[in-house]
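A closer look at the structure
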Amino acid sequence: ASLNAYTPFPHLSLSKNLARIFEFKALLEDSSSAVSSITNISLLARTLNNEPFLISQLVRIAEVKMAVITLEQCLNKNQLDESKLIGMTPAFFEAEKTNLMALGLIGERAIDIPYFRANLIELDKVADALLGQTNQQPFIPTNPDGITRISGFLERDLNFYLRTMETNISFAMLCPPESLKITNSEAKIYREIKHKYYILSGVLLPALSKAIIREAEEFACVREAQVGLAVERFRLASGTLPENLNELVPPFL
């Protein structure tokens, strides 16, 4: 049976720790090791592409950013030749995948829905579960009481949550900057949450909409890496830096 918010993800901490080891190797060893380590960080991130969980997608984004930061540090430290720069380029183009956060949000929606079936006594435990305070025994509501069922209190909350998540997922399926238009509706959503007392939506939705912004930031980092590699290749070929990015197209970008 699914443990919902209590589902363990032990592989994610292992993946992130391994990425950190590759980061240290890239900074401490020679340029050939740096190229291999940066590529391996990107490959670790790619193994999480198809996991339908928000936490998996957030770890993937963190590892992609780690690869980009490590690349920047290595370019400042080492003189990488053309072959090494070309060797790293595919890893960063491959990192620019679309719809991955949408997959994570779809999974998160499935995890969250059962918690809208709680009774009034269980609501405190529900809040703990959804806020990640999972050191208690796994808890999934299964028996709404008469008050919540007849009043429709949580049913209204659930309907609002599902409508908003459908909007979030639609935006997550777009590329930046289109996906960032979700920020235009945030104020309206939060006003409705407060005005209509959508308790669980108020706990869940702010973090979920911010995940789309995190993915847009990842896209920006990946594109910075692509441009950085292209600029360095241009410098090696010409001995100067480009006056503008148009000079990089099409030989290097």
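The notes below deal with the structure included here.

What counts and how
Residues numbered from 1 in each chain as written. Predicted model: local features only at pLDDT ≥ 70, side-chain atom pairs only at ≥ 80, totals over all residues. Heavy atoms only, no water. Salt bridge = Lys/Arg side-chain N within 4 Å of Asp/Glu carboxyl O. Buried < 20%, exposed > 50% of the residue type's maximum accessible area, 1.4 Å probe, protein only. Helix = DSSP H or I, 4+ residues; strand = E, 2+ residues; numbered from the N terminus. Lys, Arg positive; Asp, Glu negative; His and termini not counted. Contact = heavy atoms within 4.5 Å. Core = buried A, V, L, I, M, F, W, Y, C linked by side-chain atoms within 4.5 Å. Axes fitted to C-alpha atoms, helices over the stretch in contact; angles between N-to-C directions. Parallel < 35°, antiparallel > 145°, perpendicular 65-115°, else oblique. Nonpolar A, V, L, I, M, F, W, Y, C, P; charged D, E, K, R; others polar. 1 Å grid on protein atoms, 1.4 Å probe; cavity = no way out; pocket = protein on both sides within 12 Å on 5 of 7 lines; lining within 4 Å. Points joined across faces, edges and corners; volume = space filled by probe spheres on them.

Taken as a whole and judged by the stated rule, the model has 15 salt bridges. Between Glu-29 and Lys-25 there is a salt bridge, with its nearest N and O atoms 3.3 Å apart. A residue is classified by how much of its surface remains accessible, and Lys-25, at 30% relative accessible area, is partly exposed. Residues Glu-82 and Arg-233 are paired through a salt bridge, measuring 3.1 Å at the closest nitrogen-oxygen approach. Taken as a pair, Glu-82 in helix α4 (residues 82-94) and Arg-233 in helix α10 (residues 199-238) lie far apart in primary sequence, 151 residues in all. The class for Glu-82 is partly exposed, based on a relative accessible area of 31%. A residue is classified by how much of its surface remains accessible, and Arg-233, at 12% relative accessible area, is buried. Bridged by salt links that share partners, the residues Arg-60, Glu-215 and Glu-218 form one connected network.

On to the side chain of Glu-186, then. Along the chain, Glu-186 falls in helix α9 (residues 183-196). Despite its burial, Glu-186 pairs with no opposite charge; the closest candidate is Lys-210, at 5.4 Å N-O. Non-local contacts of Glu-186, meaning those with residues more than four positions away in its chain, are made with Ser-209 and Ile-213.

Another point: the nonpolar core. The biggest cluster of nonpolar side chains holds 31 residues, and the ones touching the most others in it are Met-101, Leu-105, Tyr-161, Leu-205 and Leu-208. For this core, the secondary-structure elements that each account for two or more residues are α3 (54-77), α5 (100-112), α6 (123-130), α8 (153-172), α9 and α10. Top element by residues in this core is α8. It accounts for 8 residues. Contacts of Leu-105, omitting those with residues within four sequence positions, involve Leu-54, Met-165, Asn-168, Ile-169, Ala-172, Leu-208 and Ile-212. One finds Phe-22, Val-35, Met-66 and Cys-74 within the second-largest nonpolar core, a separate group that totals 19 residues.

Here we come to the environment of Asn-119. Considering the arrangement of structural elements, one finds Asn-119 in the loop between α5 and α6. On the accessibility criterion, Asn-119 (11% relative accessible area) is buried. The spatial distance from the C-alpha of Asn-119 to the C-alpha of Pro-141 is 7.6 Å, given a sequence separation of 22 residues.

We now examine the packing of α8 against α10. Relative orientation of the contacting elements α8 and α10 amounts to 5 degrees, with a least axis distance of 9 Å. Here α10 runs roughly parallel to α8, going by the angle between their axes. Together, Phe-153, Leu-154, Asp-157, Phe-160, Tyr-161, Thr-164, Met-165, Asn-168, Phe-171 and Ala-172 of α8 and Ile-199, Leu-200, Ser-201, Leu-204, Leu-205, Leu-208, Ser-209, Ile-212 and Glu-215 of α10 make up the contact between the two elements. Of the residues belonging to the contact of α8 with α10, the class tally is 13 nonpolar, 4 polar and 2 charged.

Attention now moves to the layout of surface pockets. Its boundaries defined by the atoms lining it, the second largest pocket holds a volume of some 170 Å³. Counting residues per element, the ones that place at least two in the lining of the second largest pocket are α3 and α10. With 5 residues, the top contributor of residues to the lining of the second largest pocket is α3.

Backbone geometry follows two general trends: most residues other than glycine have a negative phi, and most peptide bonds adopt the trans configuration. The amide bond that connects Pro-176 to the next residue, Pro-177, takes the cis arrangement and shows omega of 10 degrees. One can find Pro-177 in the loop between α8 and α9. Cis peptide bonds are those with omega within 30 degrees of zero, and the linkage from Val-249 to Pro-250 qualifies with 5 degrees. When you line up the elements, Pro-250 lands in the segment after α10.

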